[in-house]
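What follows is the residue order along each chain.
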Amino acid sequence: MSDAASNYLENELLDHVLNHSTASFAAENTLYLALFHGTAASVKANLEAGTLTDEITLGNYSRQTIAFNTASGGSATNNGAVQFPVATANYDGAVTCIAVMDAATAGNVYFYGELTVAKTVTTGDQFQIADT
């Protein structure tokens, strides 16, 4: 999924691994998947900077929890399907990017990536990331 780890996460991990005296990073017990709309290049630039202005806001959208299998070969897969609530209205733009976040609202971006194909979500649709 990930095009990149965010600058936030890269800096936290570097400080943690390199025993920087001010390192205080601790992974969250619960991670969330967030959906974003807009041109992929713009969304990814905003996510890299930690700016969340492109997050979906309409149609009963809310971030959903996501959990991962143990990493292997430099990657990790989600350990179950992630289903978003059934849309009660059209989302405010096609979903172009997703991000793993450390909070149900606001928070920090851990990883982000572009969908292979943008997905338009309309009333009655249910966005889902498959079990991998």
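Preceding block: the structure.
Within every chain, residues take consecutive numbers counted from 1 along the sequence as written. Given that this is a predicted model, residues contribute local features only at a pLDDT of at least 70 and side-chain atom pairs are listed and counted only at 80 or more, while totals for whole chains, interfaces and linings are drawn from all residues. Values shown for side chains rest on all heavy atoms present in the structure; no hydrogens or waters enter the calculation.

> I would appreciate a short explanation of the nonpolar core in the present structure.
One recurring pattern in soluble globular proteins: nonpolar side chains tend to sit buried together. Residues belong to a common nonpolar core when they are buried Ala, Val, Leu, Ile, Met, Phe, Trp, Tyr or Cys residues joined through side-chain atoms within 4.5 Å. Each residue is placed in one exposure class: buried if its accessible area under a 1.4 Å probe, protein chains only, is under 20% of its type's maximum, exposed if it is over 50%, and partly exposed if it falls in between. One finds Leu33, Leu35, Phe84, Tyr91, Val95 and Phe127 to be the most contacted residues of the largest nonpolar core, which totals 33 residues. Of all the secondary-structure elements, those providing two or more residues to this core are strand E1 (4–5), strand E2 (31–37), helix H2 (40–48), strand E5 (95–101) and strand E6 (109–119). Once residues lying within four places of it in the same chain are set aside, the contact partners of Val95 are Leu35, Phe36, Ile56, Leu115, Ala118, Lys119, Val121 and Phe127. Starting at the N terminus, helices and strands are each numbered in turn, a helix being any DSSP run of H or I of at least four residues and a strand any DSSP run of E of at least two. Every residue pair with non-hydrogen atoms within 4.5 Å of one another is taken to be in contact.

> Explain the sheet that holds strand E3 (residues 64–66) to me, please; I cannot follow it from the model alone.
The strands that make up a sheet are held in pairs by hydrogen bonds between backbone atoms, and each pair lies either parallel or antiparallel. The sheet built from five strands is open, its strands ordered E1-E6-E5-E2-E3 with antiparallel pairing. In this open sheet, the two edge strands, each paired with only one partner strand, are E1 and E3. Any two strands between which DSSP finds at least two bridges are classified as paired. The pairing of E1 with E6 spans two bridges and is antiparallel. Counterpart to Ala5 in the pairing with E6 is Phe111. Axis angles are defined between N-to-C directions and span 0 to 180 degrees, where every axis is a line fitted to C-alpha atoms and, for a helix, only to the segment in contact. Contacts from H2 reach E1, E2, E5 and E6, with the element oriented near 170° to E6.

> Hey, could you run me through the side chain of Asp102 in this one?
Counting through the fold element by element, Asp102 comes out in the loop between E5 and E6. An unpaired buried charge is present at Asp102: no salt bridge exists, and Arg63, the closest side chain of opposite charge, is 6.1 Å distant. Two N or O atoms count as a polar contact when they lie within 3.5 Å, although within protein this holds only if one can serve as hydrogen donor and the other as acceptor, and sequence-adjacent residues are included solely when both atoms are side-chain atoms. In terms of polar contacts, Asp102 uses its side chain to reach the backbone amide nitrogen of Asn108, at 2.6 Å. Residues contacting Asp102, with those up to four places away along its chain left out, are Tyr8, Glu28, Thr30, Leu31, Tyr32, Gly107, Asn108 and Tyr110. A positive count includes Lys and Arg, and a negative count includes Asp and Glu. His and the chain ends are not counted in either. A pairing counts as a salt bridge when a side-chain nitrogen of Lys or Arg comes within 4 Å of a carboxyl oxygen of Asp or Glu.

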